[in-house]
Amino acid sequence: MNAVTEPETLSELIADCALIPATLQAESLPTSLVTAEPWQVDEACHAQVAELDAYV
């Protein structure tokens, strides 16, 4: 793993990821018990784009 440059190929990325200590890998992290509320569009948000033909 080279800490100075970013991987340029998928193989380099996989090799870099293989060097991550097990204590930092996602599988060993506790699962989050917090769930976010579902996102909803309110009238104020809808009004901002209501007259646009294309919203990008």
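Residues numbered from 1 in each chain as written. Predicted model: local features only at pLDDT ≥ 70, side-chain atom pairs only at ≥ 80, totals over all residues. Heavy atoms only, no water.

Caption draft 1: The overall build of the protein, seen in detail. A tally of regular secondary structure across the protein gives 2 helices and 0 strands. Looking at the 56 residues of the protein, the share that counts as buried comes to 2%. Of the roughly 5,800 Å² that the protein leaves accessible, carbon and sulfur atoms contribute 60%. (Helix = DSSP H or I, 4+ residues; strand = E, 2+ residues; numbered from the N terminus. Buried < 20%, exposed > 50% of the residue type's maximum accessible area, 1.4 Å probe, protein only. Areas by Shrake-Rupley, 256 points an atom, 1.4 Å probe, with all protein chains shown as cover.)

Caption draft 2: Local environment of the environment of E6. Secondary-structure assignment places E6 in the segment before α1 (10-18). Once the C-alpha coordinates of E6 and D16 are considered, the two residues, 10 residues apart in sequence, prove to be 9.5 Å apart.

Caption draft 3: Inspection of a nonpolar patch on the surface at higher detail. Residues L10, L13 and I14 make up a contiguous nonpolar surface patch of about 310 Å² in total accessible area. In this structure, L13 sits in helix α1. Exposure remark for L13: the relative accessible area of 40% places this residue in the partly exposed category. (Patch = residues over 30% accessible without salt bridge, like charges linked within 9 Å, V, L, I, M, F, W, Y side chains within 5 Å. Salt bridge = Lys/Arg side-chain N within 4 Å of Asp/Glu carboxyl O.)

Caption draft 4: Quick peek at the environment of P7. Summarising the element assignment, P7 is placed in the segment before α1. When near neighbours in sequence (up to four residues on either side) are disregarded, P7 contacts E12, L13 and D16. (Contact = heavy atoms within 4.5 Å.)

Read these as layout, nothing more, since geometry by itself doesn't imply function.
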